[in-house]
Amino acid sequence: MAIHFELNGTRQEVEPREGESLLSLLRDRLGLSSPKNGCEPQGQCGCCLALIDGQPKTTCTIPAQRADGKAIVTLEGVPEEERRLLARSFVAAAGLQCGFCIPGIVLRTHHLLAQSPDPSREEIAKALDVHLCRCTGYLKLFEAVELAARALRGEVDPQPLAAGGVGEAVARHQGEALALGERPYVDDLRREGMLFGAVHLSAHARATVRAIDTRAAEAMEGVVRVATAADVPGERFHGLLHQDWPGFVAVGETTRCVGDVLAVVAARDPQTARRAAAAIAVDYEVHPPVVDVHEAMRPDAPRVNDRHPGNLLSISKIVLGDAEAALRGSAHRVEGTWRTQRIEHAFLEPEAAFAEPREDGTLYLATQGQGIFDDRRQVAAFLGVPEAEVFVELFPNGGAFGGKEDLSIQPQTALLARLTGRPVKLTLTREQSIRMHPKRHPIELRYEAGCDAEGRLTAVRARLIGDTGAYASVGEKVLRRAAGHACGPYRVPTLDVEAAAVMTNNPPCGAMRGFGVNQASFAMEGVLDALAEAAGLDPFELRRRNVVEVGDTLTSGQRLEKSVGIGECLERLRPAYEAARAAGKAVGVACGIKNSGIGNGAVEHGRTRLRVEADGTVALYNGFTEMGQGLSTLLQQFAAEVTGLPSSRFVPRTDTSFELGCGQTTGSRGTLLSGRAVIAAAEQLRDDLAAGATLESLAGKTYRGEIEITDTHPLGKKVERPKTHTTYGFAAQLVILDAEGRLEKVVAAHDVGRVVNPDLCVGQIQGAVHMGLGHALSEELPCVDGMPIATRLREIGVLRARDMPEVEVHLVEAHEPEGPFGAKGVGEIGLVPTAGAVAAALFAFDGVRRRTLPMKDSPAGRAITVGRIRARIPREEWR
Ligand code: FES
């Protein structure tokens with residue numbers, strides 16, 4: 001039956017579909033793009049906010065029928081002048097990164113400021129409580145709302161800096177369009193005749209598939225095609241390092257995790273597609289899953305993945321000197337086992353892909369992946385066609401943090417488009433997203449360490465075992481990185497480190513911001529605190545005596561030749577540390593180091609093209625992914641710095657028009673590699689301009705920027721001067737607790753080489769600290785029999801706005817000669833030391849040494865308003 005309502009002042013008459021939410025009605029039928037689908041039907045991220053009869057509501061929880069008779073306002077319906085002013089406020093305050101959560105928050109701001117024109121921080125935090133932001137750490141959102149309030153009161157006119165060079169706070173590329181929801185993400189794409197896809201996942205982490213019956217799904221009205229393994233014309237298995245991950249599990253095979261895809265459906269609307277996917281019947285022979293790393297390593301353990309014998313993906317070893325003898329000879333010696341948890345990325349935009357057959361026989365694929373050239377290679381192989389037959393374009397990425405390196409549903413979406421000859425869009429639900437993509441590794445870390453009577457480290461012996469789950473992903477590299485950073489930014493003369501990546505039927509683990517280094521840091525910082533206690537030294541002083549300087553050697557064996565700012569980072573913290581101690585506050589300190597670039601012997605590329613367009617702009621093509629970290633803006637600034645042109649003249653693009661494959665956007669390397677490549681191309685353009693050419697006269701000309709790094713060595717390689725990574729970022733952080741042991745303040749000092757954009761840089765660090773506090777206190781993704789037992793965003797434990805303490809950032813510049821204008825990556829290191837600093841502060845508060853994450857049982861953990869897992873998915877509802 002038709003319903004009637006008013007949408008942004010216009011009367012609507014619509015007949016709702018069975019199972020249709022108001023959000024789906026607004027987006028899929030009425031074409032709005034400001035309400036985003038982050039977690040339908042959970043109502044926990046706030047991205048789908050609308051005003052219903054004047055009240056802010058999450059529309060993904062409301063059945064479409066309930067819109068009958070209502071007046072609905074979305075961000076599109078706010079008066080244009082106010083919309084622009086709000087958007088400018090968010091951009092000027094650097095209050096957005098990936099942007100996916102922002103339209104909902106902008107609408108919330110409109111509503112809040114109408115009620116309270118001069119809100120306090122507490123009011124703002126309370127108003128934002130419904131909203132989740134995984135990128136910003138909320139602090140710049142608070143500033144944006146305050147700026148918007150002043151602007152609406154007529155006190156200021158927010159003017160984001162439109163253009164500038166290195167060192168300037170240039171506004172984020174496309175910031176206003178992102179803030180208003182006008183720049184489409186993949187899930188915003190629509191085409192005439194487009195079909196909607198849905199997946200059927202394995203109900204069991206380990207079960208042999210005896211039969212898949214798709215007849216009921218195929219018989220449903222509106223279903224156009226169902227596809228299974230039998231429909232794959234090319235290579236069914238894909239993977240970044242190992243071809244061990246099937247796009248579909250076939251009949252007769254055994255599943256490896258609950259994220260395995262058994263079938264996909266294409267239908268006329270999303271509701272029909274999901275109902276049909278659920279109607280697919282699978283006959284399983286269920287086997288007990290392997291879910292414990294120690295069980296998995298037993299000789300008689302079932303094999304998780306045929307392609308990896310013994311369930312052992314990799315072992316990384318570093319031995320330097322005789323650690324046993326050095327430990328025996330140490331004045332002080334400590335040992336213990338630290339444990340870290342599985343963590344979900346919780347990027348706000350679930351995986352979505354769009355594929356469309358083109359008239360010339362090729363296929364267009366819109367992706368949000370972290371490496372579009374890897375996406376193209378793997379999708380083309382899956383379809384059994386040459387890569388030239390697949391054109392891939394990157395769309396704004398609503399957060400990734402490492403979780404979108406591996407393929408998710410790009411190949412299945414491409415296949416459905418090929419099979420139907422029609423455009424197809426497939427978007428995962430939040431639960432499916434959590435089941436499918438790789439997580440942060442849970443790692444068990446056993447450490448023994450010693451120091452001399454003055455507190456100088458003598459030796460570390462460490463054994464790390466990481467649960468890498470069902471597929472290789474990049475798990476071996478994560479554990480290798482953990483091994484190479486096992487001793488943090490400290491001078492340790494004698495080492496014996498071993499890190500194993502072990503396969504289980506748990507969800508796969510792979511890249512996540514910090515890439516194994518956070519886990520090692522948590523253990524090593526705990527070691528230092530225990531040694532400080534044993535040696536009777538202040539923990540700050542113990543660190544000062546041991547942090548590396550130029551000329552020292554890292555855990556990986558690399559001698560540091562340049563750009564080591566950890567000593568200065570520590571000194572920047574000293575006044576706050578001493579003031580907190582003098583005030584009787586519990587305070588903890590920790591240090592961190594994180595590589596920039598993959599290194600370890602990999603040949604790495606930065607590739608760009610600058611093409612002068614007829615309209616006087618310069619298209620800036622690069623092979624890495626903008627995912628909220630600000631890469632596009634930084635590349636514009638580098639190009640502007642070199643050429644003297646306004647940065648806004650350079651228009652970032654990422655697609656497969658040019659062969660710019662550089663691998664994944666990972667390892668804090670986008671700025672380092674693409675930055676240098678942009679400089680190389682921009683210098684040629686600059687020379688042409690200096691010779692008298694104009695942009696108009698250069699229209700059509702393309703400048704090539706290619707750099708290659710070939711001088712790093714594999715971990716453990718016996719060479720005279722091993723260089724495992726091009727460069728490293730350094731950080732030191734303080735965590736200060738209040739009188740009840742709750743988070744009060746974080747002070748973060750970071751050596752970033754060169755500050756390219758101060759606002760974006762501070763925003764990256766604040767956002768990373770937010771993620772680090774969740775790592776420390778509230779976030780986890782426990783599984784039972786390989787199935788995540790909580791897939792609701794609140795239960796996963798991401799800190800909300802009201803939980804976030806003040807984060808004071810100090811930027812240190814230890815110039816990096818191999819970086820663009822001296823810069824080095826800052827994407828990951830912001831959360832490397834955080835958990836260690838929290839643990840140290842908690843010990844200072846109550847004398848309890850905590851070695852297991854998350855520290856939910858602590859006073860600071862209990863004060864976090866999220867993170868309690870209440871609802872479990874009943875076993876009988878797994879499907
Ligand atoms: Fe908020 Fe990315 S900017 S989730």
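Notes on the structure in this doc start here. Model, not experiment: these values are computed from the prediction. (Residues numbered from 1 in each chain as written. Predicted model: local features only at pLDDT ≥ 70, side-chain atom pairs only at ≥ 80, totals over all residues. Heavy atoms only, no water.)

Counting secondary structure elements, the protein chain contains 23 helices and 31 strands. The C-alpha atoms of the protein chain give 26 Å as radius of gyration, which agrees with the globular expectation for 879 residues (29 Å, within 12%). Over its C-alpha atoms, taken along the principal directions, the protein chain stretches across nearly 80 × 70 × 60 Å. Here the protein chain, with 879 residues, has 66% of them falling under the buried criterion. Per element, the accessible surface of the protein chain, about 28,300 Å² overall, is 47% carbon and sulfur. Each charge sign in the protein chain was given a centre, from 101 positive and 113 negative side chains, and these centres are 2 Å apart. (Helix = DSSP H or I, 4+ residues; strand = E, 2+ residues; numbered from the N terminus. Rg over C-alpha atoms; globule rule 2.2 N^0.38 Å. Buried < 20%, exposed > 50% of the residue type's maximum accessible area, 1.4 Å probe, protein only. Areas by Shrake-Rupley, 256 points an atom, 1.4 Å probe, with all protein chains shown as cover. Lys, Arg positive; Asp, Glu negative; His and termini not counted. Charge placed at Lys NZ, Arg CZ, Asp CG, Glu CD.)

Taken in spatial order, the four strands of this open sheet run β25-β24-β23-β26, and their pairing is mixed. With one partner strand each, in any of the chains shown, β25 (650–653) and β26 (702–709) form the two edges of the open sheet. Between one strand axis and the next, the sheet turns by 20° as a mean value, whatever way the strands run. Bridging between strand β24 (residues 618–622) and β25 involves four bridges; their strand directions are parallel. Its bridge partner being in β25, L620 is matched across the sheet by P652. Packed on one face of the sheet, helix α18 (residues 631–643) meets β24 and β25 and runs near 140° to β25. (Pairing = 2+ DSSP bridges. Axes fitted to C-alpha atoms, helices over the stretch in contact; angles between N-to-C directions. Contact = heavy atoms within 4.5 Å.)

Inspection of the secondary structure assignment puts K856 in the loop between α22 (834–846) and α23 (859–863). A distance of 2.7 Å separates a polar atom in the side chain of K856 from a polar atom in the side chain of E780. (Polar contact = N/O pair within 3.5 Å; in protein donor to acceptor, adjacent residues only side chain to side chain.)

Sheet architecture is open: five strands sit in the order β2-β1-β5-β3-β4, paired in mixed fashion. Across the chains shown, the open sheet's two edge strands, defined by having one partner strand only, are β2 (10–14) and β4 (55–58). The average undirected angle you get between the axes of adjacent strands in this sheet is 35°. In this sheet, β2 lies alongside strand β1 (residues 3–7) in antiparallel orientation, the contact comprising five bridges. Looking at β2, one finds that F5 is bridged to Q12. Contacting β1, β2, β3 (49–52) and β5 (71–73), helix α1 (residues 22–29) runs over the sheet at an angle of about 70° to β1. Sheet contacts for helix α3 (residues 102–115): β3, β4 and β5; angle to β3, the most-contacted strand, approximately 35°.

Applying the stated criterion to the full structure yields nine aromatic pairs. When the centroid spacing of 5.0 Å and the interplanar angle of 85° are considered together, the rings of F100 and Y185 count as edge-to-face. Residue F100 is found in the loop between α2 (80–92) and α3, and its partner Y185 is found in the loop between α6 (175–179) and β6 (195–201); the two are separated by 85 residues along the sequence. With centroids separated by 5.9 Å and ring planes inclined at 15°, the aromatic side chains of F638 and F821 adopt a geometry described as stacked. (Phe/Tyr/Trp six-rings, centres within 6.5 Å; stacked < 30°, edge-to-face > 60°.)

Turning next to helix α5 (residues 139–152). Look at α5: 20 Å from first C-alpha to last across 14 residues, which is about the 20 Å you get at 1.5 Å a residue. Most of α5 is tucked away, with 10 of its 14 residues classed as buried. For α5, the set of buried residues is L139, K140, L141, F142, A144, V145, L147, A148, A149 and A151. One or two steps after α5, the chain reaches G154, where phi turns positive at roughly 80°. (Expected span 1.5 Å × (residues − 1).)

Enumeration over the complete set of coordinates arrives at 80 salt bridges. A salt bridge links R446 to E335; the nearest nitrogen and oxygen atoms lie 2.8 Å apart. Of this pair, R446 sits in strand β19 (residues 443–451) while E335 sits in strand β14 (residues 332–339), and the two are 111 residues apart along the sequence. The exposure class of E335 is partly exposed, given its relative accessible area of 45%. Where R463 meets D496, a salt bridge forms, and the shortest distance between an N and an O atom there is 3.0 Å. Residue R463 is found in strand β20 (residues 457–469), and its partner D496 is found in strand β21 (residues 494–503); the two are separated by 33 residues along the sequence. The class of R463 is partly exposed, set by a relative accessible area of 31%. On the basis of relative accessibility, which here comes to 17%, the residue D496 falls in the buried class. Through salt bridges that share partners, R17, E20, R29, E221, R268 and D269 make up one connected network. (Salt bridge = Lys/Arg side-chain N within 4 Å of Asp/Glu carboxyl O.)

Take the nonpolar core next. If you look at the biggest cluster of nonpolar residues, it comprises 169 residues, and the most contacted ones within it are Y447, V460, M524, V527, I566 and L777. Look past the residues within four positions of V527 in its chain and what remains in contact with it is V334, W338, Y447 and A449. The next biggest cluster of nonpolar side chains, apart from the first, holds 39 residues, and it includes A227, L365, A380 and M436. (Core = buried A, V, L, I, M, F, W, Y, C linked by side-chain atoms within 4.5 Å.)

The next subject is α2. Over its 13 residues, α2 runs 18 Å from end to end, which matches the ideal 18 Å to within 8%, given 1.5 Å per residue. Every buried residue belonging to α2 is among E82, R83, L85, L86, A87, R88, S89, F90 and V91, and all of these are buried. The first or second residue beyond α2 is A94, which carries a positive phi of 55°.

Where the residue is not glycine, phi is negative for most of them; where a peptide bond is considered, it is trans in most cases. Here E40 and P41 are connected by a cis peptide whose omega angle stands at 10°. Counting through the fold element by element, P41 comes out in the loop between α1 and β3. Going from L853 to P854, the amide bond is cis rather than trans, its omega being 0°. With respect to the helices and strands, P854 occurs in the loop between α22 and α23. Residues other than glycine seldom take positive phi values, yet F515 does so here, at roughly 55°. If you trace the backbone, F515 turns up in the loop between β21 and α15 (517–535).

Residue placement: R440 occurs in the loop between α13 (430–436) and β19. On the accessibility criterion, R440 (2% relative accessible area) is buried. Looking at R440, its side chain comes within polar contact range of the main-chain oxygen of M512, at 3.5 Å. Side-chain polar atoms of R440 contact the backbone oxygen of R513, separated by 3.0 Å.

A packed helix pair is summarised by two numbers, namely the angle formed by the two axes and the spacing between the axes. Across the interface, α2 lies against α5 with an axial gap of 8 Å and an inter-helix angle of 140°. It follows from the interaxial angle that α2 and α5 lie oblique. The hand of the α2/α5 crossing is right-handed. Touching E82, L85, L86, S89, F90 and A92 of α2 are L141, A144, V145, L147, A148, A151 and L152, all from α5. Residues belonging to the contact of α2 with α5 are distributed by class as follows: 11 nonpolar, one polar and one charged. (Parallel < 35°, antiparallel > 145°, perpendicular 65-115°, else oblique. Left-handed = near helix turned anticlockwise from the far one by under 90°. Nonpolar A, V, L, I, M, F, W, Y, C, P; charged D, E, K, R; others polar.)

Contact geometry for helix α20 (residues 758–777) and α22: axes closest at 8 Å, N-to-C directions at 55°. If you check the angle between α20 and α22, you find them oblique. Seen from above, α20 lies across α22 with right-handed handedness. Mapping the contact onto sequence places V769, G772, L773, H775, A776 and L777 in α20 and T834, A835, V838 and L842 in α22. When its residues are assigned to classes, the contact of α20 with α22 shows seven nonpolar, three polar and no charged.

If you trace the backbone, H345 turns up in the loop between β14 and β15 (352–357). On the accessibility criterion, H345 (0% relative accessible area) is buried. With residues near it in sequence (within four places) discarded, H345 still touches R134, A400, F401, G402, G403, H437, P438, K439, R440, A511 and M512. Of note is the side chain of H345, whose polar atom sits 3.2 Å from the backbone nitrogen of G403.

Taken together, M297, L312 and I315 make up a surface patch of nonpolar side chains, about 230 Å² in accessible area. Along the polypeptide, L312 turns up in strand β13 (residues 312–320). When its relative accessible area of 34% is taken as the criterion, L312 is described as partly exposed. (Patch = residues over 30% accessible without salt bridge, like charges linked within 9 Å, V, L, I, M, F, W, Y side chains within 5 Å.)

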